[in-house]
Amino acid sequence: MILDSQWILLLLLVSAVVVFLLRTKRTAEARLRRQEHDARLAMGEYQSEITRLTEETNHYKTLVESANELIFRCDLDGYFTYSNTIALKTWDLNDDELLGKKYLDFVREDYRRKMEKFFFRQFLARELTTYYEYPVVVSTGKEIWLGQNTQLLYDNDKPIGFQAVAREITEVKELQK
């Protein structure tokens, strides 16, 4: 037989457990609300950063595509991986006709070996930037001269290709003759 005092102790113990559980639940709910709030803030910051980077990327893409200079990239084997609009217009080609082709295929035949050696030396010496003038033959058969600044591209200290900014210098070369 349980005495009244034992009932009271039992009720007090049960009440204490219920109060503890309610407080623990409220604390856990408050922590969860803070974590959800922090996650929403972080997600907002992440979305803002994505938007900022997208706008910055579009800015640079517009800059490169509207440049008056030929801008292109090649992998280490000399195959085109990117070319801006003015380069395509200069060579009178479209992306499909240029990308994946070797740069030496467009260089006048008597300059191909010289150019290959020049860029191989740049690669071996790990020279970041070089300048070279050379003739190319565009798709119409017309010969033009380019003056080209070339950068050796790296990824984690490993060379991965070349990036070039070139300008047509045909008139200058003709005046020099």
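Here, residues in each chain are numbered from 1, in the same order as that chain's written sequence. Only residues with pLDDT of at least 70 are given local features in this predicted model, and only at 80 or more are side-chain atom pairs given and counted; all residues enter the totals for whole chains, interfaces and linings. Note: side-chain values were computed over all heavy atoms of the structure, leaving out hydrogens and water.

### With respect to a negative patch on the surface
Taken together, Asp92, Asp95, Asp96 and Glu97 make up a surface patch of like negative charges. Strands are runs of DSSP state E lasting at least 2 residues, helices are runs of H or I lasting at least 4, and numbering of each runs from the N terminus. Its location among the elements puts Asp95 in helix 3 (residues 95-98). Patch membership requires over 30% relative accessible area and the absence of a salt bridge. Like charges are linked within 9 Å, and nonpolar side chains (Val, Leu, Ile, Met, Phe, Trp, Tyr) within 5 Å. Surface accessibility in these figures is a Shrake-Rupley result with a 1.4 Å probe; residues are shielded only by whichever protein chains are displayed. By salt bridge we mean one thing: a side-chain nitrogen of Lys or Arg within 4 Å of a carboxyl oxygen of Asp or Glu. In summary, the charge assignment counts Lys and Arg as positive and Asp and Glu as negative, without counting His or the chain termini. By convention, the point assigned to a charge is CZ for Arg, NZ for Lys, CD for Glu and CG for Asp.

### Quick notes on a nonpolar patch on the surface
Together, Leu13, Val17, Phe20 and Leu21 give the surface a local cluster of nonpolar side chains, amounting to about 410 Å² of exposed area. Among the structural elements, Leu21 can be located in helix 1 (residues 4-65).

### Looking at the side chain of Thr130
Relative to the assigned elements, Thr130 resides in strand 3 (residues 129-137). Whether a residue is buried, partly exposed or exposed follows from its accessible area with a 1.4 Å probe, protein chains only, as a fraction of its type maximum: under 20%, in between, or over 50%, in that order. When its relative accessible area of 8% is taken as the criterion, Thr130 is described as buried. Pairs of N or O atoms are called polar contacts if they sit within 3.5 Å, as long as, within protein, a hydrogen donor faces a hydrogen acceptor (for residues adjacent in sequence, only side-chain-to-side-chain pairs). At a separation of 2.9 Å, a polar atom in the side chain of Thr130 contacts the side chain of Gln122. Contact between two residues is taken to exist if any of their heavy atoms lie within 4.5 Å; hydrogens are not considered. With residues up to four places along the chain from it excluded, the contact list for Thr130 reads Phe118, Phe119, Gln122, Gln148, Asn149 and Thr150.

### Things to note about the packing of aromatic side chains
Aromatic contacts are taken between Phe, Tyr and Trp rings whose centres are within 6.5 Å, Trp giving its six-membered ring; a plane angle under 30 degrees counts as stacked, one over 60 as edge-to-face, and the others as tilted. Summed over all chains, the structure comprises 13 aromatic pairs. Aromatic pair Tyr103 and Phe119: ring centres 6.0 Å apart, planes at 85°, arrangement edge-to-face. Separated by 16 residues along the polypeptide, Tyr103 in the loop between helix 3 and helix 4 (112-125) and Phe119 in helix 4 bring together distant segments of the chain. Exposure class is identical for Tyr103 and Phe119. Each is buried. Taken together, the ring pairs connect Tyr103, Phe118, Phe119, Tyr132, Tyr134 and Phe162 into an aromatic cluster. The criterion for a charge sitting over a ring is simple: Lys NZ or Arg CZ within 6 Å of the ring centre, and within 35 degrees of the ring normal. The ring of Tyr111 is capped by Lys114, whose NZ or CZ atom sits 4.3 Å from the centre of that ring.

### Notes on the environment of Ala67
Relative to the elements of secondary structure, Ala67 occurs in the loop between helix 1 and strand 1 (70-75). Residues Ala67 and Arg121, 54 residues apart in the sequence, show an inter-C-alpha distance of 29 Å. Setting aside chain neighbours within four positions, we find Ala67 in contact with Asn84 and Ile86.

### Let's talk about the pairing of strand 4 (residues 143-155)
For a regular strand, side-chain orientation follows a simple rule: the groups alternate between the two sheet faces. Both strand 3 and strand 4 contribute to a ladder of 9 bridges, which runs antiparallel. Along strand 4, the bridge assignment pairs Thr129 with Gln151. At least two bridges found by DSSP between two strands is the condition for calling them paired. Count of turn residues in the strand 3/strand 4 antiparallel hairpin: 5 residues, of which Gly141 carries a positive phi of about 95°. Two successive antiparallel strands, strand 4 and strand 5 (residues 158-168), enclose a turn made up of 2 residues, where Asn156 displays a positive phi of approximately 55°.

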